[in-house]
Amino acid sequence: PETRESAIELLGCRGLFDWERVQLVHFTDEFSGIRYLAIYGFDRSLRSDLRIQQIDRDWAQCMAGKGFPIWSDPVAAADSFLAESLGDSQQTAHHLDIESLQYWDWITYPDGPGQLDQRSLREREIAAATASWDCRQEVSYDEIWQLVNLELQHQFVDLNWLELEDWARAAESQRKSSLSP
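In short, a report on the structure. Everything numeric in this text was worked out from a predicted model, so none of it was measured.

Each helix and strand counted, the chain has seven helices and zero strands in total. Expressed as a percentage of its 181 residues, the buried residues of the chain come to 24%. Taking the intrachain contacts of the chain between residues at least 6 apart in sequence as the baseline, contacts between residues at least 24 apart amount to 55%. Surface exposure of the chain reaches about 12500 Å², of which carbon and sulfur atoms provide 58%.

Set out below in structure tokens:
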């Protein structure tokens, strides 16, 4: 999305989060380098770690055995359902008038008007989430992911501690100055 408003319109809260995150990286202050590394570089190093790639493959193989052969990792599965949900709701929402949505009895009829009914999606998502939970347990996904993540965080801090301390001091100073009258 080109603007904050278009990010919100296209992707809702997720769009706003992504927009704000990208904006943080594009500031050209003295901490933009470490900010970029912390936001994007660390995630990239985590995803490229061979141990993470192996547990992703193990998880995907397990999921295929449970009838879900299309995802390479848990994030891809979640993103797939998010995209489908947002795509469906945005296409159908344009065909509904805002007033009917505003006055809809969401407590009694939580699925919404027929055009917004996502029961089928929800049933598939629950089945996939249940299979994912089982696969995560079978391959010790979360335990391995947490250990690798923690190890890489320690490495990141060890390599960048001076810049991180400077950034933290600057942020604290800015926070204190914004609190004073």
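With that settled, consider the state of the cysteines. Per the counting criterion, the structure on display carries one disulfide. Paired through a disulfide, C62 and C135 show a sulfur-sulfur distance of 2.2 Å. Taking the sign of the S-S torsion, about -85° here, the bridge from C62 to C135 comes out left-handed. Here C135 lies in helix α6 (residues 119-138) and C62 lies in helix α3 (residues 50-65), a separation of 73 residues in the sequence. When its relative accessible area of 0% is taken as the criterion, C135 is described as buried.

The rules behind each value
Residues numbered from 1 in each chain as written. Predicted model: local features only at pLDDT ≥ 70, side-chain atom pairs only at ≥ 80, totals over all residues. Heavy atoms only, no water. Helix = DSSP H or I, 4+ residues; strand = E, 2+ residues; numbered from the N terminus. Buried < 20%, exposed > 50% of the residue type's maximum accessible area, 1.4 Å probe, protein only. Contact = heavy atoms within 4.5 Å. Areas by Shrake-Rupley, 256 points an atom, 1.4 Å probe, with all protein chains shown as cover. Disulfide = S-S within 2.5 Å.

Geometric descriptors of this kind do not, in isolation, establish any biological role.
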